[in-house]
Amino acid sequence: MFCLTFLIVSLFHARQVIALCLANGTPEHARQYLQTDALENMSVGLLLGPWQSNFAVTKIAEILVTEVLGLHAKLHSEMMANSAGAIFAVGGCVDFNHADLGQKKCGLQETQIHVALDAWVGVAVSEQTAFQKMYPSLAPEDMGGMGYRGFETMYVTQSAFQEAYDSEGLALNFYLSYNTTHHDTKRYFTSISDLNVSDMISCADGTSFMNTEHMGNYYRWTGDIDGVTLQLDGTYIGKCSGPGVTGGWTSGSGTYIAKLTSPNLRQKSPRLRSFISKLSMDLNTVMDILQDVRTLPLSSLDAWQDPACSWITRHEHIWSKWIPVDTNCFLGFGVVDEHGTFLPSKTGSVAATEGSVACTPCGVGLYQDAFGKAACVTCADDTTTLLKGASDKEECVCKSGFIESNRQCVPCGEGLTCPSGSTVKLLLDGESSGGSGEDRPQISQSYFSWPEEPLEIYKCPGPHCAGGTPGTCVGGRLGPTCDECPSGMYGTSDGCQSCGIPMMAVWTGGICGVLVLVFGTYYFANPRYMLKVSLAECAKIGFDMTLAFMQNLGVLNAVSVPWPEGLRSLFQFSALFILNLRSLGFNCAAGGDVQQYTATVLLFLGIALSWPCLGSLSQLPCIKRRGMAWDFHKTLGVTGSFLQVVFTTLCNVGLVPFMCFSHPNGRSSIAKYPNIFCGGPDHLTMQILAALILSMGLTHFAACSWAIKKAPAWSTTSRHRLTSVHFLIANFKPGAWWFGLIILLRGPLISLPTVVATDLPGVNLALMICVWLSYLSIQLLYLPWKAPLLNLVDGISTMLFLVLLAVSLHLEPVLPESILILEIIGLGVYYLSIGVILCVCVLSIFLMVLKRCSRSGARTGPRIVNLGQLPDPEEILETIEQIYFNLKAKKNVTELVNKMSTSLSVDDLHIVQKALNILPTDCELGGGGSSRGRIAATRISQMSRKSFASLREEQRQKSSDEACEIQQESIASGSSDEVKQERDELKDPPSDDISI
């Protein structure tokens, strides 16, 4: 009996020894369990996936966890059906393979699965984001990449490849070889009818082909309409023609492969978590493993034991680096004595004095890898340790703000966040969307870098650079600043959208509409100068002010300021008025960035030259005989009106190629077209086009300056010439006829600061404030608009714009605690500015309609436009008449001169002088009034209805009548009847367009 018992015990012990892979491995009875929240024993749960690399890596990890770390571990009985299953399984969902997130039974129990390796979460970003949003406390922790990236592509056996190549030189590893128009590729493969479809799952059963987001992205990126099916709600799913069969192709793009751990593993087993974080293999290592297990079935776990054990025994130099040092403590954990005091280890500690019986741990930035030393070794420059008690030189990692590249710590610089221990490898491995990212390097938001050059950082002016791992853009964007969309698509706030036929039709119709508008503008133009502003003219001026204000807001949008979300969308809308049309699909009609800029420049040139060209064509004899010839001066006036309205936009477009902002890597890009680098051939092309359009703007400004100088003389000698410049003087008082030139000059001046200080938003905004304050000062000094209401509106809108600039200046740098208040102020100023100007338009149109419908409108309109009741002309005339007789009765002229010089202020004398100039020239009261510094408003108004010859005849007749009146006055100066007649003649206005 004793012998039988001894034999059984011996066999059991031998079985235990045989079951161990490592000679010094921890036997099963000595292994420890994890503790559940209810303090019950639980094994480490490892998740398997139905692909060979997952089986191999997970089996290797199981052996190391059990025999080296000394923990009980088990492989979960249910495998994940796809990569997304790893996210839900490690997150504690009971039914983690269910297609519906709401039916996965998450959060019902403590997770039984703690580790998922070789998880291809790069293809399940949307599922991971949704899970983290719905169950933030359950989201798995991303411990970084496996050390290699995966590729989803088709597989061709060597025999099929060789047969095709030997038969007709057809390379089956090249996608064009599968073009059935030229090749019969299917004869090298097994027919689909020869497959047992019962061994295949349907692509409609919980696969990615049913994921509308995945398939929508697939269609937008590839345009493969034959590989998808459009559903009634406008989304796309994969086209399934049978079990496991799908139309379309799978992209061969690199996929991020992660290591996931349950969120509670940090507390339950920090050593296991550290082991998983260090576990890493390069692609060659994995390929060697797969070469050894290529024939093993996934249905038999026992068959994978020997290959995994063989790799472990042959590669201890690799996996030994994954094992945490026993004496290293983790945050919140350590070795303590019976009193609860943490004890230092032998290595990583020193005895500072001879005869010490206790060791002192090396501080942060120090290490000691030997026993019995009196001092710690300092880490190299720019390196430190993460914790105290470091026992190896390898624990010296780059300090915060530095990253390891080619075994050297280099500064991270702008756009790169680098905590302690950062390496380029960790940056490339990155994390999934669900990871916290706090303990690993990552690209900052609004910055980008290529995976091939991860430390070459680009700055993104738009919101499409999400940061994180290199190469990350959102919304399907492309390029080093995530500013482009794939060919055939255009960018919106929701991502890249397909151009399609409707967008092309819209732009075609828009171009046709512009051509019709160009032709019709000549016939709607009214070049008459009206001294008193009408309601219709007030509405037109208000519309011009609104358009100018929106252009100014569009210029402000080019300043690199971190606007709050509400203001950003409004400024992006305002940018449409300076022809930033990319969000409207302009690239669908024009093409790339250079083509878009070329089209914009040609649009300006084409419209500006269209009126002179049409005017020249109208002079053909066949058209001229029918009375359809265009007037030369009116044609110039219409062309000038267009350039006057769009001059701010024209200058901004011309200066765009000179607005270059700097990237952290030393390169620079155009602010409006950030994927165009300054100094390149595309930039040179755009600068040549910019010189062309700026030359046109400079020519227009020079011509306007010359016309402004000549306008006073033209108003008396060549009044027909003023038709050419009516757009420049028509909106202003006769005494401020030149103010249109100030508005023209304001256009380029508000865009120049962005050229001078593109990288310095604070300086940019300060210069803009100076320009606007200068404009406001001139506007308040001269009050140039014809109606007082317009002067008030212009002043208010300018001051509100200055408030907006002040808010923008405070946003640089942004203060998080005041962001909400600044957004409210900014939104209020924006809407108030637009509302005040638009109210003038609406009110003027309303009063104009009211005037036509009732008499009350006739009385109300002028009172509102002029901000009060105008003086009665008869009372003014009586005052002038009284002054006339008083001056005639005055004997001592010297006394009157002395009284005027002592009693009147400087302003009063100027007002009297202006009045004495206005009365002779505009009211034709005779005398020596001078038109210097002023255009003759009366004669401009008469010019549109009377010929120059008739005006001269009228002037001679009036001069003769004045001579007769003077002769009669000398005969009977005291006759009351003659005085009454003279008064009536003085009250008779020369034209119904002019009133005092």
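See the structure printed just above.
Reading guide: rules and limits
- Residues numbered from 1 in each chain as written.
- Predicted model: local features only at pLDDT ≥ 70, side-chain atom pairs only at ≥ 80, totals over all residues.
- Heavy atoms only, no water.
- Buried < 20%, exposed > 50% of the residue type's maximum accessible area, 1.4 Å probe, protein only.
- Helix = DSSP H or I, 4+ residues; strand = E, 2+ residues; numbered from the N terminus.
- Pairing = 2+ DSSP bridges.
- Salt bridge = Lys/Arg side-chain N within 4 Å of Asp/Glu carboxyl O.
- Core = buried A, V, L, I, M, F, W, Y, C linked by side-chain atoms within 4.5 Å.
- Contact = heavy atoms within 4.5 Å.
- Phe/Tyr/Trp six-rings, centres within 6.5 Å; stacked < 30°, edge-to-face > 60°.
- Axes fitted to C-alpha atoms, helices over the stretch in contact; angles between N-to-C directions.
- Parallel < 35°, antiparallel > 145°, perpendicular 65-115°, else oblique.
- Left-handed = near helix turned anticlockwise from the far one by under 90°.
- Nonpolar A, V, L, I, M, F, W, Y, C, P; charged D, E, K, R; others polar.
- Disulfide = S-S within 2.5 Å.

S.K.: Requested: an account of the pairing of strand E13 (residues 258-261), with residues and values cited.
M.R.: Remark: a regular strand shows side chains that alternate across the two faces of the sheet. Here E13 shows two buried faces, one formed by Ala258 and Leu260 and the other by Lys259 and Thr261. Examined bridge by bridge, strand E5 (residues 115-119) and E13 share three bridges and lie antiparallel to one another. Bridge pairing links Val115 to Thr261 in E13. With three bridges connecting them, strand E6 (residues 141-145) and E13 associate as antiparallel partners. Bridging from a neighbouring strand, Gly145 pairs with Ala258 of E13.

S.K.: Before we move on, could you go through the pattern of salt bridges and cite the residues and values that matter?
M.R.: Enumeration according to the criterion identifies eight salt bridges in this entry. With a shortest N-O distance of 3.2 Å, Lys268 and Asp37 are connected by a salt bridge. One end of the pair, Lys268, is in helix H7 (residues 265-268); the other, Asp37, is in the loop between strand E1 (34-35) and strand E2 (41-42), with 231 residues separating them in the sequence. Notably, a salt bridge pairs Glu141 with Arg273, separated by 2.5 Å at the nearest N-O pair. Of this pair, Glu141 sits in strand E6 while Arg273 sits in helix H8 (residues 270-278), and the two are 132 residues apart along the sequence. Residue class for Glu141 comes out buried when judged on its relative accessible area of 15%. Taken together, the salt bridges that share partners define one network made up of Asp37, Glu110 and Lys268.

S.K.: Pulling in residues and values, what's your account of the nonpolar core?
M.R.: The biggest cluster of nonpolar side chains holds 66 residues, and the ones touching the most others in it are Leu260, Leu272, Phe275, Met281 and Ile312. Looking at which element gives the most residues to this core, the answer is helix H2 (residues 52-67), with eight residues. Leaving out residues up to four positions away in the same chain, Ile312 has contacts with Cys21, Leu22, Ile60, Ile63, Leu64 and Trp319.

S.K.: An account of the packing of aromatic side chains is requested, with residue identities and associated values reported.
M.R.: As enumerated under the stated definition, the model contains 19 aromatic pairs in all. Seen in terms of ring centroids, Trp706 and Trp714 are 5.4 Å apart; in terms of plane orientation they differ by 75°. Their pairing is edge-to-face. Looking at Trp714, the relative accessible area reads 8%, which means it is buried. Look at Trp772 and Tyr775: their rings are 6.0 Å apart centre to centre, the planes differ by 80°, and that puts the pair in the edge-to-face class. On the criterion of helical spacing, the pair formed by Trp772 and Tyr775 is a turn pair, its members being three residues apart in helix H24 (residues 761-782).

S.K.: So, the packing of helix H14 (residues 535-557) against helix H23 (residues 739-756): which residues are in play, and what are the values?
M.R.: Helix packing geometry: the angle between the two helix axes and the distance between the axes. Put simply, H14 and H23 touch, their axes get as near as 10 Å, and they point 20° apart. With respect to H23, the axis of H14 lies roughly parallel. Helix-helix and strand crossings are classified by hand; for H14 and H23 the assignment is right-handed. Contacts between H14 and H23 involve Ala548, Asn552 and Val555 from the first element and Arg746, Ile750 and Ser751 from the second. When the residues that make up the contact of H14 with H23 are grouped by side-chain class, the tally is three nonpolar, two polar and one charged.

S.K.: Mind laying out the sheet that holds E6, listing which residues take part and the relevant values?
M.R.: Across the sheet, five strands lie side by side as E4-E3-E5-E13-E6; this open sheet has mixed pairing. Two strands close off the open sheet at either side, each with one partner strand: strand E4 (73-75) and E6. The average undirected angle you get between the axes of adjacent strands in this sheet is 20°. Judged from the two bridges that link them, strand E3 (residues 44-47) and E5 form a sheet pairing that is parallel. Residue Leu46 lies in a different strand from E5, and its bridge partner there is Val115. On the sheet, H2 packs against E3, E4 and E5 and is oriented at approximately 145° with respect to E5.

S.K.: Tell me about the state of the cysteines, and name the residues and values.
M.R.: Under the definition given, this model contains ten disulfides. Linked covalently through their sulfurs, Cys362 and Cys376 form a disulfide whose S-S length is 2.1 Å. Because the sign of the S-S torsion sets the handedness, a value of about -95° for the bond joining Cys362 and Cys376 places this disulfide among the left-handed ones. Of this pair, Cys362 sits in the loop between strand E15 (360-361) and strand E16 (366-367) while Cys376 sits in the loop between E16 and strand E17 (377-378); the two residues are 14 residues apart in sequence, bridging distant segments of the chain.

Read these as spatial facts, not as claims about activity.
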